[in-house]
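# Coordinate analysis (summary)
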Amino acid sequence: NPQWPQYTVPHVSAAVEEARRANKTIAAHALSADGIQVAAEAGVDTVEHCNWLDKHSDGLAFKESTAVLMAENNVAFDPT
């Protein structure tokens, strides 16, 4: 379900750690607001799509606090 995150912060953080160890960048494919939050907390380099889907409805759930966290952690987004 694209409205729910598929991985937890510890799972994504482990992937980020391995990418850093290999001197690689890492992207997260996230459509939901919660998935974007997970990616931002884990410190990925980019979030692809960033649709802000709401897990409780068919609407959107933009979270300013997540956007701020992305900026603080230098997490870029690619809306394509």
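Here, the structure is the one placed above.
Since we're looking at a predicted model, the values are computed, not measured.

## Details of helix H3 (residues 64–72)
Regarding H3, the residues found buried are Thr66, Leu69 and Met70. Within H3, the buried residues cover an arc of 100° as seen down the axis, which keeps them to one side. Opposite the buried face of H3, by more than 90 degrees, sit the exposed residues Glu64, Ser65, Ala71 and Glu72. Here the buried face of H3 lies against helix H2 (33–42), strand E2 (46–53) and strand E3 (76–78).

## Things to note about the sheet that holds E2
Reading across from one edge, E1-E2-E3 is the order of the three strands in this open sheet, with parallel pairing throughout. In this open sheet, the two edge strands, each paired with only one partner strand, are strand E1 (27–32) and E3. Within the sheet, the average angular offset between the axes of one strand and its neighbour, ignoring direction, is 40°. Sheet analysis places E2 next to E3, joined by three bridges and oriented parallel. Paired with Glu48 across the two strands is Asp78, which belongs to E3. H2 rests against E1 and E2 of the sheet, and its axis sits at about 155° to E1. Here H3 sits on the sheet in contact with E2 and E3, set at roughly 175° to E2.

Definitions and cut-offs
Residues numbered from 1 in each chain as written. Predicted model: local features only at pLDDT ≥ 70, side-chain atom pairs only at ≥ 80, totals over all residues. Heavy atoms only, no water. Buried < 20%, exposed > 50% of the residue type's maximum accessible area, 1.4 Å probe, protein only. Helix = DSSP H or I, 4+ residues; strand = E, 2+ residues; numbered from the N terminus. Arc of directions from axis to C-beta. Contact = heavy atoms within 4.5 Å. Pairing = 2+ DSSP bridges. Axes fitted to C-alpha atoms, helices over the stretch in contact; angles between N-to-C directions.

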